[in-house]
Amino acid sequence: MIFLKHMQKRLSKIKKVVANAGLISEEKIAISRVEAGVTNQVYFVMEDSAPKLVARIYGNNLDALIDRDYENELLRHLNKHGVGPSIVLDSDEYRIESFIKGATDLAPSSYQAQLAKELRRFHSIPILNADKNFWSRLDDWILKSNPPFDFWVHFLVFLLFK
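Below is a summary of the structure that appears in this document. Just so it is clear, the model here is predicted, and its values are computed rather than measured.

Parameters at a glance
Residues numbered from 1 in each chain as written. Predicted model: local features only at pLDDT ≥ 70, side-chain atom pairs only at ≥ 80, totals over all residues. Heavy atoms only, no water. Helix = DSSP H or I, 4+ residues; strand = E, 2+ residues; numbered from the N terminus. Buried < 20%, exposed > 50% of the residue type's maximum accessible area, 1.4 Å probe, protein only. Polar contact = N/O pair within 3.5 Å; in protein donor to acceptor, adjacent residues only side chain to side chain. Contact = heavy atoms within 4.5 Å. Pairing = 2+ DSSP bridges.

**So, the side chain of Glu97**
On the secondary structure map, Glu97 appears in strand β5 (residues 94–98). By relative accessible area, Glu97 is classed as buried at 3%. A polar atom in the side chain of Glu97 sits 3.0 Å from the side chain of Arg56. There is a polar contact of 2.8 Å between the side chain of Glu97 and the side chain of Arg95. Setting aside anything within four residues of it in sequence, one finds Glu97 in contact with Leu53, Val54, Arg56, Leu75, Pro85, Ser86, Ile87 and Val88.

**Quick word on the pairing of strand β3 (residues 50–58)**
Sheet topology places strand β2 (residues 40–47) next to β3; eight bridges connect them, and they run antiparallel. By the bridge assignment, Val42 is partnered in β3 with Arg56. Joining the antiparallel neighbours β2 and β3 is a turn of two residues, in which Asp48 adopts a positive phi near 50 degrees. The pairing of β3 with β5 spans five bridges and is antiparallel. When the bridges of β5 are listed, Ala55 appears paired with Ile96.

**Observations concerning unusual backbone geometry**
Notably, Asp48 is not glycine yet its phi reads approximately 50 degrees, a positive angle. Of note, Asp48 is situated in the loop between β2 and β3. Look at Asp48 and you get exposed, because its relative accessible area is 55%. Phi angles above zero are rare outside glycine, and Ser49 is one such case at about 70 degrees. Turning to its location among the elements, Ser49 is positioned in the loop between β2 and β3.

Below you can see the structure in the form of structure tokens.
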């Protein structure tokens, strides 16, 4: 029950922030949960029943694995190169980003050539900071964790990459 009240409070805050920023008038805002996200709770922020923004409410106690400041810096870097949703608003608790409409019913032949071009373009984007990557974050987390986690993380890495 406490968790539900906490989430309602956060969603209410997002509504107010979106309205105060002049993005959508408060009476037209609807929020719908998206069944996605591993570490975030993800919501569509809708206007007149159409998704307009995506709100990501960050998970708790993940600072050892996820550097949110760097994640946002990286997303802004990719935005400069035309990749990904743009950050509309962000805070320590959430990120609100643009909604990108897509299609899921395409035949592979209709997008494969364009996908290959986009992947080539993506891979030509300069790396923002080569020292900040998943593996270095994982190593840091292993060092900070209790010994039981150390064993299981090494075991999982062994299974995945043997």
